[in-house]
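Here is how the chains run, residue by residue.
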Amino acid sequence: MQQKAILIGATGLVGQHLVKQLSELYDTLIVIARRPPRYINASMRFYQVSDFDNLAEIFANVGADRTTDAFSCLGTTKKQAGSDEAFRKVDHDYNVNFAKLCHDKGVKNFFLLSSMNADIDSRFLYNRVKAETEQSIMALGFEQLAIFRPSLLLGKHKGRPLESISQKAFQIISPLVSESLPLHPISAKRVAIAMAMSAHDVYERRKYSEYRSESKPSATDIIENKQMLAMTRVKK
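Please read these numbers as outputs of a predicted model, since none were measured by experiment.

Quick look at the sheet that holds strand β9 (residues 219-224) now. Two strands in a sheet stick together by hydrogen bonds in their backbones, pointing the same way (parallel) or opposite ways (antiparallel). Taken in spatial order, the seven strands of this open sheet run β3-β2-β1-β4-β5-β6-β9, and their pairing is parallel. The strands lining the two open edges of the sheet, one partner per strand, are β3 (44-48) and β9. In this sheet, adjacent strand axes meet at a mean angle of 15 degrees when their direction is disregarded. As defined by bridge partners, strand β4 (residues 68-72) adjoins strand β5 (residues 109-113) across four bridges and the pair is classed as parallel. Its bridge partner being in β5, F71 is matched across the sheet by F111. Against the sheet, helix α5 (residues 125-138) contacts β5, β6 (144-149) and β9, and its axis sits at roughly 170 degrees relative to β6.

Structure (structure tokens):
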């Protein structure tokens with residue numbers, strides 16, 4: 001793929017795996033983060049940001065354009081953020097601002113990590129904010145928007161003891177649980193692989209469409225947990 005990718009959330013549970021996937025898929029990977037990702041190679045351009053409130057200043061120099069695909073794995077929890085307002089700022093405001101900046105630069109394809117329980121009418125703040133973020137980014141009108149909704153993510157969750165307990169419990173019963181079940185947990189690596197596979201699929205479809213001289217309307221794909229498990233079954 002003779003293209004660039006830009007990513008925020010590169011040091012999170014899914015993001016740290018997605019960095020490697022995108023580095024192998026794209027000629028250039030632009031990473032914007034507070035600290036360097038674990039995986040670094042020659043194709044990567046890293047921009048350190050101390051505060052995502054100043055993202056526009058950094059973004060002016062990153063070189064994103066219509067040949068760039070954008071990815072966001074940025075997210076937190078209320079406990080990590082410290083308050084409802086701080087959580088919303090990270091999960092909604094920062095993600096939507098990043099998406100707007102990308103859209104303004106001509107980026108056509110956006111890939112967003114969300115949550116299985118995203119629901120605008122949920123009584124839980126986490127689920128509502130995830131849904132609000134999805135809707136806000138949908139409204140921008142990307143040519144292609146892919147939203148990934150994983151179930152419980154398997155991996156090392158720093159500062160999330162309840163999820164760590166859930167993972168240990170699942171490891172005991174996992175041989176008895178079918179992946180066809182909607183709530184089946186999924187490893188962060190498999191989510192990252194699914195995101196990269198989806199980007200490659202969009203690239204191939206767009207290449208064919210351009211060859212056929214066909215215009216493509218805006219489209220949104222909601223990729224549920226079951227789909228990601230199926231897509232990555234041979235790449236655990």
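Over its 14 residues, α5 runs 20 Å from end to end, which matches the ideal 20 Å to within 8%, given 1.5 Å per residue. Three or more residues of α5 are buried, namely L125, N127, V129, K130, A131, T133, E134 and I137. The secondary structure elements touched by the buried residues of α5 are α4 (84-104), β5 and β6.

Before going further, it helps to spend a moment on the confidence of the model for the protein. Considering every residue of the protein, the mean pLDDT works out to 87; 82% of them sit at 70 or more. Mean pLDDT in the protein bottoms out at helix α6 (residues 161-173), which sits at 57, and peaks at β5, which reaches 98.

A word on the side chain of Q16. Checked against the element boundaries, Q16 lands in helix α1 (residues 15-25). Side-chain polar atoms of Q16 contact the side chain of R38, separated by 2.8 Å. Once residues lying within four places of it in the same chain are set aside, the contact partners of Q16 are A10 and R38.

We now examine the packing of aromatic side chains. Under the criterion given, the structure shown has seven aromatic pairs. Judged by centre distance (4.6 Å) and plane angle (15 degrees), the ring pair of F71 and F111 falls under stacked. On the criterion of sequence distance, the pair formed by F71 in strand β4 and F111 in strand β5 is long-range, its members being 40 residues apart. F111 carries the same exposure label as F71, and that label is buried. Through pairs of rings, three or more aromatic residues link up here, namely F59, F98, F110 and F142.

Cut-offs applied
Within each chain, residues carry numbers counting from 1 in the order of the written sequence. Per-residue local features are limited, in this predicted model, to residues with pLDDT of at least 70; the limit for side-chain atom pairs, both in listing and counting, is 80 or more; totals at the level of whole chains, interfaces and linings are taken over all residues. In computing side-chain values, all of the structure's heavy atoms are included and hydrogens and water are not. Being paired, for any two strands, means DSSP has found at least two bridges between them. The helix and strand labels rest on DSSP assignments: H or I over at least four residues marks a helix, E over at least two residues marks a strand, and numbering proceeds from the N terminus. Comment: axis = line fitted to C-alpha atoms, over the contacting stretch for helices; angle = value between 0 and 180 degrees taken between N-to-C directions. Whether two residues are in contact is decided by their heavy atoms: any pair within 4.5 Å suffices. To estimate how far a helix should extend, the number of its residues minus one is multiplied by 1.5 Å. Burial classes follow relative accessibility: with a 1.4 Å probe on protein chains only, a residue under 20% of its type's maximum area counts as buried, one over 50% as exposed, and anything between as partly exposed. pLDDT runs from 0 to 100 and stands for how confident the predictor is about each residue. Polar contact is the term for a pair of N or O atoms within 3.5 Å; when the atoms are in protein, one must be able to donate a hydrogen and the other to accept it, and sequence-neighboring residues count only if both atoms are side-chain atoms. Pairing of aromatic side chains here covers Phe, Tyr and the six-membered ring of Trp, requires ring centres within 6.5 Å, and sorts the geometry by plane angle: under 30 degrees stacked, over 60 edge-to-face, intermediate tilted.

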